[in-house]
Structure formats: structure tokens, C-alpha cells
Amino acid sequence: MPVLRKRRLWAGVAMAALALSFAGTGQASAADTNNAKNAGFESGLTNWTCTAGSGTTVSSPVHGGASALKGTPAGQDNAQCTQSVAVKPNSTYTLSAWVQGGYSYLGVTGTGTTDVSTWTPDTSSWKQLSTTFTTGASTTSVSVYTHGWYGQAAYYADDISVYGPDGGGGGDPAPTVPAAPTGVSVSSTTSSSVSLAWSTVSGATGYNVYRNGTKITAVTGTSATVTGLAASTSYSFQVTATNSAGESAKSATVTGTTTATGGNSGGSLPKHAVTGYWQNFNNGATVQKLSAVSSQYDIIAVAFADATTTPGAVSFTLDSAGLGGYTVDQFKADIAAKHAAGKKVVISIGGQNGTISVSDSASATNFANSVYSLMQTYGFDGVDIDLENGINATYMTQALRSLSSKAGSSLIITMAPQTIDMQSTSNAYFQTALNIKDILTVVNMQYYNSGTMLGCDGKVYGQGTVDFLTALACIQLQGGLAPSQVGLGLPASTSAAGSGYVSPSLVNNALDCLTAGTNCGTFKPSKTYPDLRGAMTWSTNWDAAAGSSWSNSVGAHVHALP
């Protein structure tokens, strides 16, 4: 989140493409077959050709079976892997694949009619891409492909299928109904949720979760959090495995009992709150001690924690030299003084250059333990997640729930995703927010350093407008977050970000539009959200450098909301 943060990708072009890419998918008939060969990469790259040696098979992560494709793009290569698939003329086929990792594309050429493709932004868990195509009158083969994007992170693909009439080229054997899941256990509980985990089932492409005998959710991974439960109540859970052949028998029953303690309401936070990032470094903005941060800020996020050599673990070192001799004892005393004034101080994890990775159970445990240790050492009230280089929803959820079990119901959890991270509930950041909804305080998405993005109405909006703020906030509000968990994140001045600065008055107009339906632009939400949490800025230092014009205007406006 430091000044002049870089966008990871041509977001404007990407979002325009996104608006067209997620087409409806067809259903295969009983006579259809998967015409792709070595669809699960169990035979290495047999039948597949990858550009510039960019493809290989790996044993982890896999969606089904024992292997999956890993494509590693380079600066001039998108790691495209293709297969020629036999098809019948004048026939309709459903093309699908499970993908994970960096930007992932799936498509087909040579159909004789309209070639199609679909794609998804980076995702930390398996996600299915699917589309349909129709062959021409003389088409007997098509070229199916998957690829990533130039210079971006590696992608993984598995269980690719081209379901439709048998093209005569032969395909993989039809799947069989998977076995029932084993190892089902309760990993954590709160007053309103129970988290479950289980072992991977070979051949499964998804799992159904049952509560007291009734199916309540379907997931693709080997964990799930069931929310909306009553406090101090016992529930029974079972899990089944699924694939295209059907659903397994139910697992053994496990019992989860919710706690008596309520979830996180933000401690003593006001109904409407302002968050500001405090810089633990000097980059040309006003150098501040915490004691100098404006009283308009209700939550102060200390930027940033540091990665350590232990996977997932973080540390914090006060930049005393860069901050004019600010001592650790003064820092701790200033945190205590902010507490006395009713403020919250959290440690922020990530930023533009952050390299913290929570990608397995061990690193999740290390993360929770190290953050809790910092809370005890300095008096932090919680944690801010500002990871801009990818997030694993499964293990970040595990880490934050573990931290919650240590810190209790007063824990503050804030998040600051980029705009592209919150375009869909399938994105890892959005998934994480929904997974921890019962303990989440607020998501302050960064409405800056962004290209054009889709609003909740499906239209494309450019940054720097009221419509950009309101139409994108609407996605979160309609996607499952409570209004009290949504805030608008903006730069405090033109120096604080590379692009996307808007005047405080425009921020206030967006707040009015969302909370009361007034001062809107061309977009007006279908309902109002009077409980909207408020706003955030990068940073308190840049705000101070600009004469505190942002906090004096937006802060006062937020606190005056009904």
C-alpha cells in the first residue's frame, strides 16, 4: 500500500473481457462422453503440447487423481498447452477445466463456427471454468487450449473435459462415483459458526456438507465453514464427495458445538468509523508519531509487519531512525494512549512489497502465533490483511480463525484488497472475507491505482468518480458482506497514490449515496445501506502533509452519518 503502488495487470482491458467471458454452460446428456485424452494429466503431458517448454505435471496441487498441469508463463510466452480433440460435425460440446494459481484461460479454436474462451483472475483454490461450443458442418477436430498470462504467476489446470457426442478419437474412461470422505473433523468454532475439514477423496471434484441431515453447502476444497448458527448449540455434520458420476455415501457424523461468546462487533468501535494507515517509514510524507495521528481516525493500521524466515510468521521492527528517534517505549505508550481515547491500533500485513505467504496449515499456525505475539508485545488490537501478491483463502481463513481463538471476541480484523480482488465472490480475497464474516470487522477496498472495473450492475466504471465507488461497493454489499463490514478506501492526496485520488467531497457524496440514496452519480443502488462502516485512507502521513484536509472533511462526515 505504499505510495505509487503498482497495478498487477491491465485491469481495464481485463475487466472488459470479463464482462464477456463468463458464458452460460450447457449440460451433457447421458450419451455424451469426454473426448479429451489424458484429461487429468495422469500420463504426464501425453497428448498435450505446451509452448516453449512451459508446461509440466505436478503432484500438488491436484484437483483429482494424482497429477495436474502446471504452466509457467514468461515475459514473451503465456504457457499455452493444447490438444487436438476429435469431434462430430454439427454438434454441441461443453468444455470445462478446473484451474488454480495465476490468471487462467480455457478455450477452443477450429470449431468451424464461433471459437470460444473463458478465463478467471488469479485464485488460490480450485475453480471450474466452463463454456460451450458448436462444431461446423465439416468439423471433425478442434484444438482445446489452456494458458496463463505473460509474465504472471504459474497456473494449474486439471480434469479438462470436452463433453458431447463421441468424436471417435477415444477419451479417458468415464469417472466412477467417489468414496465417502474420511477424516472429517471440527477444526474451530465460534458463537455462530463451525469450521470443518476432511481428507481429499480420489476422483472427487467437489463436496457437499450436511447439517443435521440437510445439505447446506457445496465446496470444491477439503474444508468449509458453516455460519448462521445459534450460540451454545450442538450440530451434527456429514460430508459427501461428488463428481460427474454422482455423489458418494455420507461420511461418519461429527458434532460441533458453538461457543457462548458473540462474534466480533468491532469492540467499542463507533457505528461509523474511519481507518488510516500509519507509515513506519519515511517516504516523503509527514513523519508522525502515533500520538500525532488525527483523532478523526478510529482504527490506525500500522504499516507494515515484516516477513521472517519462518513460513507464514511475521515480525515488527519500529523504524526509530527513520522516524526521528521514535523509541519502542514511546510507541507502546502512544498505543496505550490511543486505547484510552477509544481508538484501535492494528498491525498491517503486506503492502505493495509484502512477501508473506500463508499457503499451508503450518504457515497458518505460524501466522496466527506470530501476530498474537505482536499483539501481546505492543498492544495491537488485531490485524489488517493487505496482501497484494496473492492470498490462499483456505489457509488464511484457518490462520485468522486460529488468531481469533487466541485473542477472543474483541479482535479487530480489517482487510484492504485491490479492486480486482473483490470483483467476484469466487476470488480468494472475497472468499476469505466471507469465510470469516462472523469475526470480520471491515473490508476497506482500495478504490485507486485501478483500471476500469465492473459494477454490480454489470457496467464498466472508471476510477475517480462517485459511480466507481458506489457501483463497486455494491458488489460487496450484494455479495454477502454486512454493510457494517464495508468501507471505502481512498488516497489522502494526489501524492499518496499513482492514480484514483478524488476530492473529499466526492468521497462524502459516495457515502451519502450508499447510506441515504442522495448525491449519487448515474448509478444509484437499489437500496440504501445506513449501517455502512465508513472510509479508509492511505495514509495518515499523507493526510497530515496535505493539512489533514481528508480526515477533517471525510472523518467529520463519516462520524455525522446517522
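Residues numbered from 1 in each chain as written. Predicted model: local features only at pLDDT ≥ 70, side-chain atom pairs only at ≥ 80, totals over all residues. Heavy atoms only, no water.

Counting its regular elements, the chain contains 9 helices and 31 strands. Its C-alpha atoms give the chain a radius of gyration of 25 Å, near enough to 24 Å, the size a compact globule of 562 residues would have. With an accessible surface of roughly 20200 Å², the chain has 50% of that area assigned to carbon and sulfur atoms. Within the chain, the 27 negative side-chain charges are centred at a point lying 6 Å from the centre of the 24 positive side-chain charges. (Helix = DSSP H or I, 4+ residues; strand = E, 2+ residues; numbered from the N terminus. Rg over C-alpha atoms; globule rule 2.2 N^0.38 Å. Areas by Shrake-Rupley, 256 points an atom, 1.4 Å probe, with all protein chains shown as cover. Lys, Arg positive; Asp, Glu negative; His and termini not counted. Charge placed at Lys NZ, Arg CZ, Asp CG, Glu CD.)

By secondary structure assignment, the location of Ser410 is in the loop between α4 (393-407) and β26 (412-415). Of the residues examined, Ser410 reaches a relative accessible area of 45% and is grouped as partly exposed. As for Ser410 and Asp381, which are separated by 29 residues in sequence, their C-alpha atoms are 7.7 Å apart. (Buried < 20%, exposed > 50% of the residue type's maximum accessible area, 1.4 Å probe, protein only.)

Extensive coverage of strand β31 (residues 534-538) is indicated by the burial of 5 of its 5 residues. With 5 bridges joining them, strand β20 (residues 273-279) and β31 adopt parallel strand pairing. Across the sheet, Thr275 pairs through a bridge with Met536, a residue of β31. Summarising the sheet, strand β30 (residues 486-491) and β31 pair through 5 bridges and their orientation is parallel. Each bridged residue has a counterpart across the sheet, and for Leu488 the counterpart in β31 is Ala535. Each parallel crossover has a hand, and for β30 linked through helix α7 (residues 504-516) to β31 it is right-handed. (Pairing = 2+ DSSP bridges. Right-handed = clockwise from strand over helix to strand, strands pointing away.)

With that out of the way, let us pick up the sheet that holds strand β13 (residues 194-197). Reading across from one edge, β12-β13-β16 is the order of the 3 strands in this open sheet, with antiparallel pairing throughout. Of all strands in the sheet, those bounded by a partner on one side alone are β12 (185-189) and β16 (223-226). Direction aside, the axes of adjacent strands within the sheet are offset by 25 degrees on average. Pairing of β12 with β13, which is carried by 4 bridges, proceeds in the antiparallel orientation. Along β13, the bridge assignment pairs Ser188 with Ser195. (Axes fitted to C-alpha atoms, helices over the stretch in contact; angles between N-to-C directions.)

Going through the model one piece at a time under the given rule, you end up with 3 disulfides. One disulfide bridge connects Cys50 with Cys81, the sulfur atoms lying 2.1 Å from each other. Taking the sign of the S-S torsion, about 110 degrees here, the bridge from Cys50 to Cys81 comes out right-handed. You can see Cys50 sitting in strand β2 (residues 49-50) and its partner Cys81 sitting in strand β5 (residues 81-86), a full 31 residues away along the chain. Given a relative accessible area of 16%, Cys50 falls into the buried group. Cys81 gets classed as buried once you look at its relative accessible area, which sits at 0%. Across the disulfide, Cys456 is cross-linked to Cys474 (sulfur-sulfur distance 2.1 Å). On the sign convention where negative means left-handed, the S-S torsion of about 90 degrees between Cys456 and Cys474 marks this disulfide as right-handed. Separated by 18 residues along the polypeptide, Cys456 in the loop between β28 (453-454) and β29 (460-461) and Cys474 in helix α6 (residues 466-478) bring together distant segments of the chain. By relative accessible area, Cys456 is classed as partly exposed at 25%. Counting its disulfide-bonded cysteines in sequence order, the chain shows a connectivity of 1-2, 3-4, 5-6. (Disulfide = S-S within 2.5 Å.)

In terms of nonpolar packing, the biggest core is built from 100 residues, with Phe331 and Phe367 touching the most fellow members. By residue number, the principal contributor to this core is α6, which donates 9 residues. Residue contacts for Phe367: discarding those within four places in its chain leaves Gly312, Ala313, Ile349, Ile356, Val358, Val383, Ile385, Met396, Ala399 and Leu400. With 25 residues, the next largest nonpolar core counts Tyr93, Val116, Phe133 and Tyr155 among its residues. (Core = buried A, V, L, I, M, F, W, Y, C linked by side-chain atoms within 4.5 Å. Contact = heavy atoms within 4.5 Å.)

Here we come to the confidence of the model for the chain. The predicted model of the chain has a mean per-residue pLDDT of 88, with 91% of residues at 70 or higher. Throughout residues 2-30 the model reports pLDDT below 50, and contacts reaching past four residues in sequence, or to other chains, amount to 81 contacts. pLDDT under 50 marks residues 261-267. Its contacts with residues more than four places away, or in other chains, come to 21 contacts. (pLDDT = per-residue confidence, 0-100.)

Counted at 1.5 Å a residue, the expected span for helix α3 (residues 361-378) with its 18 residues is 26 Å, and the 26 Å between its end C-alpha atoms agrees. Positioned one or two residues after α3, Gly379 has a phi angle of 90 degrees, which is positive. (Expected span 1.5 Å × (residues − 1).)

Time to look at the sheet that holds β2. If you trace the 5 strands from one edge of the open sheet to the other, you get β2-β5-β10-β7-β8, paired in antiparallel fashion. This sheet does not close on itself; its edge strands, each paired only once, are β2 and β8 (116-120). The pairing of strand β7 (residues 104-109) with β8 spans 5 bridges and is antiparallel. Looking at β8, one finds that Leu106 is bridged to Thr118.

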